[in-house]
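Chains, contacts and geometry: an overview
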Amino acid sequence: MTSTRSDSPDVNSSQNAPSTPTGGDAPGSGSKNPFLAIGLFIRQVLAELGKVVVPTRKELVVYSITVLAFVIVMIMLIFGLDAGFSWLSRIAFSDPDAGL
């Protein structure tokens, strides 16, 4: 039987963190210093850039082929639907006595 207590050591530490930021330069804290906001923004951008994973050459080739194949399939689907609806509209709205 497993324990579901919130103070167990395997609980994520972010669950115990306060839900609102408490720092003076946090968004919405009323700080009037624009340099603190710019500094915070730059720190957040650099933190996000650190999470970026560059694909390997093989992954890049596979992703590119997958995207191109999907685009080609979608082009064929749209072309087929367009041709079908065009044919139906010609049948529905053409004058049978006028020839072509």
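Our subject is the structure that appears above.
This structure is a prediction, so every number in the text was calculated from the model and none was measured. (Residues numbered from 1 in each chain as written. Predicted model: local features only at pLDDT ≥ 70, side-chain atom pairs only at ≥ 80, totals over all residues. Heavy atoms only, no water.)

1. Here's the deal with the overall build of the chain
Counted only if it meets this: Under the scheme used here, helices are H or I runs from DSSP no shorter than 4 residues and strands are E runs no shorter than 2 residues, and both carry numbers assigned from the N terminus. For every residue, the accessible area (1.4 Å probe, protein chains only) is compared with the maximum for its type, and the residue is labelled buried under 20%, exposed over 50%, or partly exposed between those bounds. The Shrake-Rupley method, run with a 1.4 Å probe sphere, supplies the accessible areas, and residue values consider only the shown protein chains as cover.
When helices and strands are tallied, the chain shows two helices and zero strands. Looking at the chain as a whole, 3% of its 100 residues qualify as buried. Total accessible area on the chain is roughly 9,400 Å²; 68% of this is exposed by carbon and sulfur atoms.

2. With respect to helix H1 (residues 34–49)
Applied cut-off: To estimate the expected span of a helix, subtract one from its residue number and multiply by 1.5 Å. N or O atoms within 3.5 Å of each other form a polar contact, as long as, within protein, one can give a hydrogen and the other can take it, and as long as residues adjacent in sequence are counted only when both atoms are side-chain atoms.
Taking 1.5 Å as the rise per residue, H1 with 16 residues should run 22 Å; its terminal C-alpha atoms sit 23 Å apart, in good agreement. N-cap assignment for H1: the residue whose side-chain oxygen lies 3.0 Å from the backbone N of Phe-35 is Asn-33.

3. As for a nonpolar patch on the surface
For clarity, the threshold we go by: The patches reported here contain residues having more than 30% relative accessible area and no salt bridge. Joining distances are 9 Å for like charges and 5 Å for nonpolar side chains (Val, Leu, Ile, Met, Phe, Trp, Tyr). Take a side-chain nitrogen of Lys or Arg and a carboxyl oxygen of Asp or Glu: if they are within 4 Å of each other, that pair is a salt bridge.
On the surface, a cluster of nonpolar side chains totalling about 1,200 Å² of accessible area is made up of Val-67, Phe-70, Val-71, Met-74, Ile-75, Leu-77, Ile-78, Leu-81, Phe-85, Trp-87, Leu-88 and Ile-91. With respect to the element layout, Ile-75 can be found in helix H2 (residues 57–93). For Ile-75, a relative accessible area of 53% corresponds to the exposed category.

4. A look at the pattern of salt bridges
Oppositely charged side chains may form a pair once their charged atoms are brought near each other. By the definition in use, this model includes one salt bridge. Note that Glu-48 is salt-bridged to Lys-51, the shortest N-O span being 3.2 Å. Since its relative accessible area comes to 46%, Glu-48 is described here as partly exposed.

Bear in mind that shape data such as this cannot, by itself, settle questions of function.
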